[in-house]
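Understanding the architecture of this molecule
Each chain is listed here by its residues.
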Amino acid sequence: MKKTGWLRTSVVASVSAAALTMGMSATAVAADKGTVSVLNWWTSGSEAKSMHVLQQMLADQGYKMVNDAVSGGGGSNARTVLKSRIQSDNLPGAAQIKGPEIQQWCQTGLTQNIDSVAKAGNWSKILPGPIAKGMQCDGHWVAVPFNIHRINWLWINKAAMKKAGADMPTDWPSFVDALKKLKAAGITPIAGGGDNWQVATEFDAIAMATGGADFYRKAFVDLNAEALSSDTMAKAFSRLRTIQKYEDPNGTGLSWNHDTGLVVKGQAGIQIMGDWAKGEITNAGSTPGNEIACIAMPGEHDGFIYNADSFEIFSHTKSDKAAQDAFAKTALSPKFQRKFNMAKGSIPVREGVSLKGFDACAKKSEKDFKQAEKNNALVPSFSQDMAESGAVKGAIFDVIARFYNDKSMTPEAAAKQMASQAKQAHMMSQM
Ligand code: GAL
């Protein structure tokens with residue numbers, strides 16, 4: 001299905017205009033079999049490089065992919081742009097949407113069924129069960145997953161630790177000990193705390209290490225009031241307070257990728273962040289697992305908090321159906337899965353793709369994922385939209401931010417608020 005020239009021009013023009021006003025990058029590659037515009041929030045160096053892999057692979061097949069990227073870690077700006085594009089009748093061909101929001105968008109009637117692509121590609125066999133389920137709505141495939149990211153990581157500059165005389169942490173006390181030593185050596189112990197999304201990401205990792213997978217699921221997936229207001233949750237908040245003491249007080253407003261850069265340069269010792277940080281580490285010429293160590297967030301419990309980036313496909317769009325199908329098909333090809341995930345820091349979501357040539361941290365991620373799957377310790381990330389939809393996630397983020405910004409708030413009060421705010425937001429979203 002090929003659209004007329006003016007339609008295609010208008011897609012490219014509107015994206016370019018938006019890119020100029022919002023400071024984002026939009027690249028178009030010449031092709032004539034059709035165009036797909038792709039709304040996403042991948043604007044850091046490694047993220048843009050990863051998207052370019054897809055753009056090039058589509059161009060090689062004769063399709064043009066307009067990379068409609070909106071800056072803002074975690075995607076809050078991109079979500080606003082998506083909503084405004086409905087109003088201006090300019091929906092993208094595909095948009096980065098994850099977790100339960102996939103189902104919500106599907107209910108609007110604006111998404112497109114990609115069953116034929118999924119069937120031809122045997123998606124129900126090549127994807128892990130829970131991920132395959134999340135890409136379908138009312139029995140139809142509406143979204144395509146790209147990867148599996150892990151959230152609960154520490155990225156540690158080994159040389160900075162050596163300089164400070166600190167050992168690699170193995171539990172919470174040794175983690176705090178390392179932070180003390182880094183501080184005494186004049187190195188910012190933790191790069192982080194720039195915005196609410198970053199702080200929520202830190203809290204995500206802390207909650208899992210403190211309470212474990214069953215606690216995590218009860219609290220953030222089931223929204224069980226007892227778990228949300230529990231002593232364990234209060235303990236996680238008190239640990240966040242400890243972390244905060246070791247962050248740069250002038251770090252507000254700094255992006256997650258800037259913070260990764262500080263760790264790579266040894267200006268900060270550690271970052272608590274999902275493994276998209278690994279993409280930046282590699283992009284900066286360092287090797288994850290060598291100069292920069294990766295260890296799971298230490299605490300009393302192991303587990304794997306996952307985040308699968310995915311793209312929902314839209315109907316009522318100026319993009320061409322053939323290009324949308326090619327986009328979805330190419331994203332799950334073994335070649336793309338290797339090239340993209342190597343650059344992005346994640347691991348392939350398609351099963352059976354070789355990790356030959358991937359760094360040691362990717363290999364550890366895959367091993368830990370499988371282990372967690374066996375031990376029932378695999379949980380969907382609340383901070384990355386995998387566990388709850390917008391309103392509930394927003395309420396949880398608000399409580400974490402309030403606690404972080406108000407040093408007089410006690411961990412117990414924060415845990416109580418977490419339960420009441422999440423319940424209220426959940427009730428409102430059901431009305
Ligand atoms: C997450 C996304 C990751 C990464 C990060 C920072 O929401 O899933 O892939 O890009 O935001 O932008």
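This text goes with the structure placed above it.
The following refers to the structure shown. (Residues numbered from 1 in each chain as written. Predicted model: local features only at pLDDT ≥ 70, side-chain atom pairs only at ≥ 80, totals over all residues. Heavy atoms only, no water.)

Looking now at the site of the ligand. In the vicinity of the ligand there are 14 residues, among which Glu47, Lys98, Asn307, Asp309 and Lys344 approach most closely. A distance of 3.2 Å separates an oxygen atom of the ligand from a polar atom in the side chain of tryptophan 41. The separation between an oxygen atom of the ligand and a polar side-chain atom of histidine 149 is 3.5 Å. With the chains in place, 100% of the 300 Å² that the ligand exposes on its own is no longer accessible. Partitioned by chemical class, the residues of the shell around the ligand number five nonpolar, five polar and four charged. Of the residues that make up the shell around the ligand, three or more belong to each of domain 1 (8-149 + 308-368) and domain 2 (153-306 + 386-429). (Near = heavy atom within 4 Å. Polar contact = N/O pair within 3.5 Å; in protein donor to acceptor, adjacent residues only side chain to side chain. Areas by Shrake-Rupley, 256 points an atom, 1.4 Å probe, with all protein chains shown as cover. Nonpolar A, V, L, I, M, F, W, Y, C, P; charged D, E, K, R; others polar. Domains from an automatic or database assignment.)

Within strand β2 (residues 64-69), six of the six residues are buried, leaving the element largely enclosed by the surrounding structure. Alignment of strand β1 (residues 35-40) against β2, held across six bridges, turns out to be parallel. Bridge assignment links valine 36 to a residue of β2, and that residue is methionine 65. With respect to chirality, the unit in which β1 leads through helix α2 (residues 45-60) into the neighbouring parallel β2 is right-handed. (Buried < 20%, exposed > 50% of the residue type's maximum accessible area, 1.4 Å probe, protein only. Helix = DSSP H or I, 4+ residues; strand = E, 2+ residues; numbered from the N terminus. Pairing = 2+ DSSP bridges. Right-handed = clockwise from strand over helix to strand, strands pointing away.)

Here we take up the packing of helix α13 (residues 256-265) against helix α14 (residues 276-283). Between α13 and α14, the least distance of the axes is 9 Å, while the angle of their chain directions is 55°. Between α13 and α14, the crossing angle belongs to the class labelled oblique. Judged by the sense of rotation from one axis to the other, the crossing of α13 with α14 is right-handed. Contact residues: α13 offers Trp256, Asn257, Thr260 and Val264, while α14 offers Trp276, Ala277, Glu280 and Ile281. The class makeup of the residues in the contact of α13 with α14 is five nonpolar, two polar and one charged. (Axes fitted to C-alpha atoms, helices over the stretch in contact; angles between N-to-C directions. Parallel < 35°, antiparallel > 145°, perpendicular 65-115°, else oblique. Left-handed = near helix turned anticlockwise from the far one by under 90°. Contact = heavy atoms within 4.5 Å.)

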